[in-house]
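# Examination of the molecular architecture
Residues per chain are reported as follows:
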Amino acid sequence: MIPRSILRNRAFTIIELLTAMVILSIIMLAVVTVIGESSAIWRRASNKIESFQASRAAFETLTRNLSQATLNTYYDYDDPNSPTFYVRRSELAFVLGPAGKAGLPGTSGTGQAVFFQAPASVYDETSSTKSPYRELPDLLNTCGYFVQFDRDVITPDHVKSSSDSYRYRLMQLVVPTEQNTIYDIVNPKSPVPTDFSWFDSFVGDALPIADNVVALFLLPKDPEIASDDPAAGAITGDYTYNSREGFPASKGTPQAIFSHQLPPIILVTMIAISEQSANLIESGSSEPNEIAGALAGKFLNSANYSSDLESVREALNSATPPIDYRIFTSAIPMRESKWTKD
């Protein structure tokens, strides 16, 4: 039989129990902290992926449709009644210019708006009768993209509430084939460059394809000029391009290089921010100063493309708190371009 004194010596003292509990508490606290931090990191990563997933998909849609733009350029007499020389012509059009200015839609300062024709094969599905074009491939549509700061246009006005946040959004316009008015021009041989009725009357039908896209920049480029500078070979110095401009005044006057032809390559740059950052800088119906300030005066001169992009990065990184953003960039070859410098 074991003496009671020995049994008493085998039991834990209150000091030992307290020490063990403290150590166990420290271990549990460390485990909970690690789990909490891991969960927070996972949530942030998941939120970032979800935030930019729509932007990435929208960028792919934009670049895919843009690469299919067409003009169907051909050569014709300068004057069919009294011909003296040949010129390039096209009944279609390609317009690129500053958003919110010069008759183009969008929010000023957010980059460029672009409108063109492409075989998107979109027909009118709102009619009660079946569209006669639905079985035809490669239907021609007027397409367009621009950034707009506004409330969600999908939500009807009579159900809008204070919870409908103002956001920068990438807008997409696709005019059904039945409504395409690109051929409805007074003089098809000499269309007015500033006549934007072929897309302007449909801008109200444009729909957002991605929220929190704060800027869209498009720069036409000449592929023959190779350089480490992504903007090298810019065809225009101010990010504008109108295929209906530049008709020669006489036989000895060369036709403008962009007249009635597509640029061979377009450098597309899109900037998107996360929903979390959008919530933090939200300022009602006014554009957030952090975004408007970062973009102010940028991307007006193509020679400053790289420095402008770096300046925007610095502005977004130095904001308080720093703005979570992504920059999507790609040089898009224009498949239907028959580029010539003659």
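Below is a summary of the structure that appears in this document. Treat the numbers as computed from the prediction; the structure is a model and nothing was measured. (Residues numbered from 1 in each chain as written. Predicted model: local features only at pLDDT ≥ 70, side-chain atom pairs only at ≥ 80, totals over all residues. Heavy atoms only, no water.)

### Here's the deal with the overall build of the chain
- The helix and strand inventory of the chain stands at six helices and 11 strands.
- Here the chain, with 342 residues, has 42% of them falling under the buried criterion.
- Sequence-distant contacts, at least 24 apart, represent 69% of the contacts inside the chain between residues at least 6 apart.
- Accessible area for the chain stands at about 18400 Å²; split by element, carbon and sulfur atoms hold 55% of it. (Helix = DSSP H or I, 4+ residues; strand = E, 2+ residues; numbered from the N terminus. Buried < 20%, exposed > 50% of the residue type's maximum accessible area, 1.4 Å probe, protein only. Contact = heavy atoms within 4.5 Å. Areas by Shrake-Rupley, 256 points an atom, 1.4 Å probe, with all protein chains shown as cover.)

### Regarding the pattern of salt bridges
- Enumeration over the complete set of coordinates arrives at six salt bridges.
- For Glu-282, the salt bridge is made with Arg-167, and the minimal N-O distance between the two is 3.5 Å. Linking Glu-282 in the loop between helix H4 (275–281) and helix H5 (289–295) with Arg-167 in strand E6 (residues 167–175), this pair joins segments that are 115 residues apart in sequence.
- It is possible to trace a salt-bridge network through shared partners that takes in Arg-167, Glu-275 and Glu-282. (Salt bridge = Lys/Arg side-chain N within 4 Å of Asp/Glu carboxyl O.)

### Considerations on empty space enclosed by the protein
- Throughout the structure, instances matching the rule amount to two cavities of 30 Å³ or more.
- Roughly 50 Å³ of internal volume is contained in the largest cavity.
- In this structure, the largest cavity is lined by Phe-149, Tyr-166, Arg-167, Tyr-168, Asn-212, Ile-273, Ala-278, Ile-281, Glu-282 and Pro-288.
- For the lining of the largest cavity, a count of residues per class yields seven nonpolar, one polar and two charged.
- When its volume is computed, the second largest cavity comes out at roughly 40 Å³.
- Leu-71, Asn-72, Thr-73, Gln-261, Leu-262, Glu-336, Ser-337 and Lys-338 are the residues that line the second largest cavity.
- Among the residues forming the lining of the second largest cavity, the class breakdown is two nonpolar, four polar and two charged. (1 Å grid on protein atoms, 1.4 Å probe; cavity = no way out; pocket = protein on both sides within 12 Å on 5 of 7 lines; lining within 4 Å. Points joined across faces, edges and corners; volume = space filled by probe spheres on them. Nonpolar A, V, L, I, M, F, W, Y, C, P; charged D, E, K, R; others polar.)

### Quick notes on the environment of Trp-339
- With respect to the helices, strands and loops of the structure, Trp-339 is situated in the segment after strand E11 (325–333).
- The sequence separation of Trp-339 and Pro-263 amounts to 76 residues, and the corresponding C-alpha distance is 6.7 Å.

### Some points on the side chain of Thr-142
- Within the fold, Thr-142 resides in strand E5 (residues 141–150).
- Polar contacts involving the side chain of Thr-142 include one to the side chain of Asn-180, which spans 3.1 Å.
- Those residues in contact with Thr-142 that sit more than four places away from it in its chain are Phe-116, Gln-117, Leu-173, Val-174, Val-175, Asn-180, Trp-198 and Phe-199. (Polar contact = N/O pair within 3.5 Å; in protein donor to acceptor, adjacent residues only side chain to side chain.)

### Notes on the sheet that holds strand E9 (residues 241–242)
- As summarised here, the arrangement of the six strands in space is E7-E6-E5-E4-E3-E9, forming an open sheet in which the pairing is antiparallel. The strands lining the two open edges of the sheet, one partner per strand, are strand E7 (207–211) and E9.
- Note that strand E3 (residues 95–98) and E9 share two bridges and pair antiparallel. The residue of E9 that forms the bridge with Val-95 is Asn-242. (Pairing = 2+ DSSP bridges.)

### A short note on unusual backbone geometry
- Residues Thr-320 and Pro-321 are joined by a peptide bond in cis, for which omega reads -10°.
- Relative to the assigned elements, Pro-321 resides in the loop between helix H6 (305–317) and E11.
- Backbone geometry at Ala-102 places phi at a positive 50°, although glycine is not the residue there.
- Note on placement: Ala-102 falls in the loop between E3 and strand E4 (112–118).
- Residue Ala-102 is classed as exposed on the basis of its relative accessible area of 63%.

### Here's the deal with the environment of Arg-88
- Relative to the elements of secondary structure, Arg-88 occurs in strand E2 (residues 86–89).
- A polar side-chain atom of Arg-88 sits 2.8 Å from the main-chain carbonyl oxygen of Ala-256.

### Some details on the packing of aromatic side chains
- By the definition in use, this model includes 15 aromatic pairs.
- Taken together, a centroid distance of 6.5 Å and an interplanar angle of 20° make the contact between Phe-116 and Tyr-145 stacked. Of this pair, Phe-116 sits in strand E4 while Tyr-145 is found in strand E5, placing the two residues 29 residues apart along the sequence. For the pair formed by Phe-116 and Tyr-145, the shared burial category is buried.
- A connected cluster of aromatic rings, assembled from ring pairs, spans Phe-94, Phe-116, Tyr-145, Tyr-241 and Phe-258. (Phe/Tyr/Trp six-rings, centres within 6.5 Å; stacked < 30°, edge-to-face > 60°.)

### Description of the sheet that holds E11
- Strand order in this open sheet of three strands is E8-E10-E11, and the pairing throughout is antiparallel. Two strands close off the open sheet at either side, each with one partner strand: strand E8 (213–221) and E11. Taken over all neighbouring pairs, the strand axes of this sheet differ in orientation by 15° on average, direction set aside. (Axes fitted to C-alpha atoms, helices over the stretch in contact; angles between N-to-C directions.)

### Things to note about the side chain of Asp-124
- Looking at where Asp-124 falls in the secondary structure, it is placed in the loop between E4 and E5.
- Excluding anything up to four places from it in sequence, Asp-124 contacts Ser-131, Pro-176, Glu-178 and Gln-179.

By themselves, these observations are geometric and do not establish any function.
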